[in-house]
Amino acid sequence: MGNSRSGALSKEILEELQLNTKFTEEELCTWYQTFLKECPSGRITRQEFESIYAKFFPDADPKAYAQHVFRSFDANSDGTLDFKEYVIALHMTTAGKPTQKLEWAFSLYDVDGNGAISKNEVLEIVMAIFKMINPEDVKHLPDDENTPEKRTEKVWTFFGKKDDDKLSEEEFIEGTLANKEILRLIQFEPQKVKERIKEKKQ
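All values derive from a computational prediction rather than experimental measurement.

1. What about the overall build of the protein chain?
Each helix and strand counted, the protein chain has 12 helices and four strands in total. Taking all 202 residues of the protein chain together, the buried fraction comes to 40%. In the protein chain, 61% of the contacts between residues at least 6 apart in sequence involve partners at least 24 apart. Accessible surface, the protein chain: about 11600 Å² in total, of which carbon and sulfur atoms supply 53%.

See the structure below:
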């Protein structure tokens, strides 16, 4: 990516992103300019990503969740996100097909990257999600999912797994597509994120 520092997006990357996402050339070029203003080096570090996330959640502690999200987006594991990784990530989490979103969710929950999810990995992500939920909102959660441990137990039971079982990507995607309750339990409310972003823009 020799020209990642220049003002123009390379034709190859532009074509690849248009092919792999639903974004237009105009959208991609506008985002690239914004991306370069925020990150003149053409790359976002984990710390920068965390601070962007923190702006959206001033009354929460999104650091742990942001770290996991960053890890799942850092396709080549070099500790930074380039523009291509950033856009693919944006597409996967907002405009992607349900199976694409779940492929991303699987990579989020597969903390050690070994291709399977354990109950402890589910707990780790759910704990990070709970740090993002306002304590007042936690009070209104049902009794069987108002702690990370209870919510993890509920998810694991839905998948019909024993404590030391593992969950494959196929099982994860099929199970979640078949059961809306699992989807609700494993995700941080994206609607709340969108509302925060709108508030910031006003």
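Still to come is the rest of the account.
2. Let's talk about the packing of helix α1 (residues 11-20) against helix α2 (residues 25-38)
Taken N-terminus to C-terminus, the directions of α1 and α2 make an angle of 125°; their axes are 10 Å apart at the nearest point. In terms of axis orientation, α1 runs oblique to α2. Seen along the crossing, α1 lies across α2 with a hand that is right-handed. Every residue of α2 that contacts α1 at Leu14, Leu17 and Gln18 is listed here: Glu25, Leu28 and Cys29. For the contact of α1 with α2, a count of residues per class yields four nonpolar, one polar and one charged.

3. Let's talk about the packing of helix α7 (residues 119-130) against helix α9 (residues 148-158)
Any two packed helices are characterised by how steeply their axes cross, that is the angle between the axes, and by the distance between the axes. Interaxial distance between α7 and α9 falls to 9 Å at its minimum, and their mutual angle equals 135°. Classified by the interaxial angle, the pair formed by α7 and α9 is oblique. Handedness of the α7/α9 crossing: right-handed. Across the interface between the two elements, Lys119, Val122, Leu123, Val126, Met127 and Phe130 from α7 touch Pro148, Glu149, Arg151, Thr152, Glu153, Val155 and Trp156 from α9.

4. Considerations on the environment of Ile88
If you trace the backbone, Ile88 turns up in helix α5 (residues 83-95). When the C-alpha positions of Ile88 and Phe73 are compared, they lie 8.2 Å apart, and in sequence the two are 15 residues distant. When residues no more than four places from it in sequence are discounted, the contact partners of Ile88 are Leu17 and Asn20.

5. Thoughts on the pattern of salt bridges
If you walk through the whole model with that rule in mind, you get 13 salt bridges. One salt bridge connects Glu145 with Lys154, and the closest N-O pair in it is separated by 2.7 Å.

6. Considering unusual backbone geometry
We note that Ser77 has phi near 50°; this positive angle belongs to a residue other than glycine. Considering the arrangement of structural elements, one finds Ser77 in the loop between α4 (63-73) and β2 (80-82).

7. A look at the environment of Ala105
Inspection of the secondary structure assignment puts Ala105 in helix α6 (residues 98-109). What makes Ala105 buried here is its relative accessible area of 8%. Taking the C-alpha atoms as reference, Ala105 lies 9.8 Å from Leu183; in sequence the two are 78 residues apart.

8. Let's talk about the side chain of Thr176
Relative to the elements of secondary structure, Thr176 occurs in helix α10 (residues 169-178). Judged by its relative accessible area of 4%, Thr176 falls in the buried class. Contacts of Thr176, omitting those with residues within four sequence positions, involve Leu102, Phe159, Ile182, Leu183 and Ile186.

9. Let's talk about the confidence of the model for the protein chain
Within the protein chain, residue pLDDT values average 85, and 88% of them lie at 70 or more. Within the protein chain, the element-level pLDDT minimum falls on helix α12 (residues 190-201), averaging 50, and the maximum on strand β3 (residues 116-118), averaging 98. Within the model, the stretch residues 1-6 combines pLDDT values under 50 with 16 contacts to residues more than four positions away or in other chains.

What counts, and where the lines are drawn
Residues numbered from 1 in each chain as written. Predicted model: local features only at pLDDT ≥ 70, side-chain atom pairs only at ≥ 80, totals over all residues. Heavy atoms only, no water. Helix = DSSP H or I, 4+ residues; strand = E, 2+ residues; numbered from the N terminus. Buried < 20%, exposed > 50% of the residue type's maximum accessible area, 1.4 Å probe, protein only. Contact = heavy atoms within 4.5 Å. Areas by Shrake-Rupley, 256 points an atom, 1.4 Å probe, with all protein chains shown as cover. Axes fitted to C-alpha atoms, helices over the stretch in contact; angles between N-to-C directions. Parallel < 35°, antiparallel > 145°, perpendicular 65-115°, else oblique. Left-handed = near helix turned anticlockwise from the far one by under 90°. Nonpolar A, V, L, I, M, F, W, Y, C, P; charged D, E, K, R; others polar. Salt bridge = Lys/Arg side-chain N within 4 Å of Asp/Glu carboxyl O. pLDDT = per-residue confidence, 0-100.

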